[in-house]
Amino acid sequence: MIVSPAGLMGLTPARVRLDAAGTPLPLSRLLAFQEDHASARDAIFEPLDWAGIETAVGPLHHIRSQARNRQEYLRRPDLGRKLHPEVTIAPSAPDLAIVLADGLSPPALALQAPDLVRALRNSCPEARQAPVFAASEARVALGDAVGHAAHAKMVLILIGERPGLTVSNSMGAYLTYAPRPGIRDSARNCVSNIHDKGGLSAQEAAARLAWLIEMAQATGQTGVGLKDASPGIGAEIQGP
Amino acid sequence: MGTYSGIVQGERFTFDGLARLLAVATPEKSGDQLAGIAASSARERVAARRALADLPLRTFLQEAVVPYESDDVTRLIIDTHDERAFAPFAAMCVGDLRDWLLGEQANTASLRAAAPGLTSEMVAAVSKLMRNQDLIRVARKCEVETAFRNSLGRKGQLSTRLQPNHPADDPRGIAVAILDGLLFGAGDAVIGINPATDNLENGYSLMCVLDDIRGSLGIPTQTCVLTHVTNALALLERNAPIDLIFQSIAGTQDANDGFGVSLEILQEAWEAGLSAGRGTVGQNVMYFETGQGAALSADAHHGVDQQTLEARAYAVARAYDPLLVNTVVGFIGPEYLYDGRQIIRAGLEDHFCGKLLGLPMGVDVCYTNHVQADQDDMDVLATLLTSAGVNFLITVPGADDPMLGYQSLGFEDLAYLRETTGLRAAPEFETWLEAMRRGGGLLAGQSAVLEDIGLVA
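The structure displayed is predicted, hence computed values, not measured ones.

**Q** Help me out: how do you make sense of the interface of chain A and chain B in this one?
**A** Interfaces are often sized by the amount of accessible area the parts lose when they come together. Taken together, the 40 residues of chain A in the interface contact 55 residues of chain B. Note on chain A versus chain B: buried area summed over both sides is about 3,900 Å², and carbon and sulfur give 60% of it. For A:R15, the salt bridge identified is with B:D400, shortest N-O distance 2.6 Å. Summed over the shared surface of chain A and chain B, the number is 12 residue pairs in polar contact (both at pLDDT 80 or more). Put simply, the parts of the chain that give the side of chain A that touches chain B at least two residues each are α2 (27-45), α4 (70-75) and α5 (77-80) of chain A. With six residues, the top contributor of residues to the side of chain A that touches chain B is α2(A).

The structure is reproduced here in structure tokens:
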């Protein structure tokens with residue numbers, strides 16, 4: 001049985017060649033790589049279209065972190081986790097606060113967040129009542145400060161993930177019960193890889209999050225104490 | 001705590017404590033700035049280097065940068081220090097050590113003999129007085145040989161880890177990436193996979209996939225699933241085919257705690273790996289990864305600069321006689337290493353410090369998309385490290401890891417390095433590659449090979 005190299009290459013998204021005869025990288029592959037790297041780099045610095053998101057999901061409450069710009073955001077993750085002192089948040093004590101955050105890929109948020117928020121509102125009563133914040137220069141933990149200030153029972157942050165070469169607009173979602181500044185990452189549940197290149201769809205992610213929100217309401221916790229037993233569990237990104 | 005001082009342009013700068021002195025003397029890194037311990041001016045940095053040059057090496061045995069009482073890495077460093085090996089350096093200052101290392105007395109044999117007498121802090125300190133070319137020049141004189149199913153680290157060799165990661169851990173996708181690497185002659189250091197999902201069952205099945213491929217093709221190399229050490233211990237009990245036991249480690253007890261490991265667990269794992277007795281040429285069974293910034297990201301840095309802490313991680317590594325150690329130098333992001341310049345410097349420092357301490361040092365020459373770097377920077381670092389005699393480099397298909405979402409070296413980069421330097425793979429692996437080529441290449445008897453590695457039924 002003869003299998004074509006093309007057939008084998010279809011088995012992995014890795015940039016395999018299965019041809020070591022001409023060792024220098026073919027120019028077409030070199031340029032394709034540079035195209036993907038450029039897209040990932042641009043995604044990080046692309047401004048977020050908040051107006052477009054507001055049209056899709058309704059009124060947003062704009063907030064920002066202490067990082068003054070993208071350069072500072074990249075160098076100082078600690079500032080990206082803290083609310084800017086001029087930000088005011090009403091302590092409306094909702095069951096759920098939703099934070100839309102630019103993170104490392106603003107385009108990911110513009111592409112995925114509206115659909116996810118709409119789907120979540122359809123399936124989850126807490127989401128229909130939830131105030132929605134628009135957070136700039138934000139890290140995941142900024143959601144803790146927002147949720148705490150709002151006296152929210154739990155906070156859901158949707159955030160642009162670090163762009164990869166294959167996928168530059170993937171979004172992640174983190175749910176944290178009883179949020180407060182300094183809470184550990186192990187107290188969150190994460191649904192990651194929400195994108196349209198073979199990742200989780202916004203609808204699938206919303207279904208999983210609705211399940212998690214319901215379980216968090218029932219058990220009063222998120223994180224390692226709340227195992228994601230919703231149908232199908234996505235792999236989380238981790239370091240080598 | 002001692003107070004140290006140095007003069008630059010007539011101005012005296014003082015430094016309270018060794019940690020402060022080392023942090024100010026260290027080359028500019030965004031991670032030390034994030035920690036708030038970096039030099040406040042270029043002149044202050046030079047003053048600290050002057051003070052460091054005149055610091056007796058013995059000071060490092062008397063003043064710990066992380067307290068002896070509360071940190072087991074410090075205790076490991078002090079308690080295992082070899083006074084006899086240190087004797088030739090006992091009267092030296094850090095600056096003298098720099099001169100000695102660059103001189104003719106420092107050769108492969110004398111450096112090997114010196115290693116147990118040098119501590120992490122000593123080698124970190126001397127590196128801060130050295131330029132990039134000095135780090136290359138000295139590391140090149142070191143030779144650290146290890147063995148498992150082949151022999152690694154001899155002069156004239158350049159080995160590689162073949163990293164066939166797949167975002168869904170798909171066995172056939174992994175097999176294709178392994179085949180791609182083998183065609184380029186990669187994989188003699190290890191065929192090692194980072195699992196996308198880190199649980200026991202998945203780890204077990206990946207171990208079997210790798211072992212089946214290695215066994216059916218008769219490749220004289222070792223395999224590894226980079227899962228947590230406690231997973232490896234549990235799976236060894238179930239007789240999983242584990243060649244190398246992997247763990248990420250760092251330079252303080254608190255940071256290791258953050259990784260969920262202790263020196264006791266590592267000892268237990270080492271002994272379990274030795275008992276498995278799977279090595280044929282040698283019995284180095286451990287594989288460690290490290291990287292500057294790991295302790296700070298775990299909020300466990302104790303005010304010590306990230307490069308000194310990285311050298312302290314090597315003290316942990318060398319206690320377990322590893323086959324492989326590599327720094328994942330550019331993975332951690334711009335808040336620790338801002339750009340290509342800082343990544344290149346850190347890569348050379350890590351390699352130098354590891355080698356001086358007697359470790360089989362490799363490097364993952366890599367970067368993420370939010371750092372100011374690209375493949376040109378990787379070309380520079382890979383070329384410099386090869387010149388410095390690095391034991392092994394990480395390679396992935398097309399320089400792009402689709403699971404971890406970062407860029408490393410590609411198999412073509414290995415071809416470039418071998419072509420320009422004449423360096424070869426491990427001898428046993430070379431022999432196997434030659435036999436494959438004589439048989440017309442891996443893809444010649446395509447169906448047989450593909451069947452062997454599970455790609456066709």
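**Q** So what exactly am I meant to see when it comes to unusual backbone geometry here?
**A** Leaving glycine out, the prevailing phi sign among residues is negative, and the prevailing peptide bond configuration is trans. Backbone geometry places A:A93, a non-glycine residue, at a positive phi of 50°. Position of A:A93 relative to the elements: it lies in the loop between α5 and β2 (96-101). The phi torsion at B:D299 lies on the positive side, around 55°, for a residue other than glycine. Structurally, B:D299 is set in the loop between α16 (294-297) and α17 (306-318).

**Q** Mind showing me how you'd approach the pattern of salt bridges here?
**A** Any two side chains of opposite charge can pair, so long as their charged atoms come close to each other. Following the criterion strictly, the structure yields 32 salt bridges over all chains and no others. Across the pair A:R17 and B:E412 runs a salt bridge whose closest N-O atoms are separated by 2.7 Å. Of this pair, A:R17 sits in the loop between α1 (5-9) and α2 while B:E412 is found in helix α20 (residues 411-421), placing the two residues in two different chains. Neither A:R17 nor B:E412 differs from the other in exposure class; each is buried. One salt bridge connects B:D211 with B:R278, and the closest N-O pair in it is separated by 2.9 Å. With B:D211 in helix α12 (residues 200-217) and B:R278 in the loop between α15 (263-276) and β9 (286-290), this pair connects stretches of sequence that are 67 residues apart. Judged by relative accessible area, which is 24%, B:R278 ranks as partly exposed. Connected through shared salt-bridge partners, B:R149, B:D211, B:R214, B:D243 and B:R278 make up one network.

The rules behind the values
Residues numbered from 1 in each chain as written. Chains lettered and ligands numbered in written order. Predicted model: local features only at pLDDT ≥ 70, side-chain atom pairs only at ≥ 80, totals over all residues. Heavy atoms only, no water. Contact = heavy atoms within 4.5 Å. Buried area = accessible area lost by both parts, 1.4 Å probe. Salt bridge = Lys/Arg side-chain N within 4 Å of Asp/Glu carboxyl O. Polar contact = N/O pair within 3.5 Å; in protein donor to acceptor, adjacent residues only side chain to side chain. Helix = DSSP H or I, 4+ residues; strand = E, 2+ residues; numbered from the N terminus. Buried < 20%, exposed > 50% of the residue type's maximum accessible area, 1.4 Å probe, protein only.

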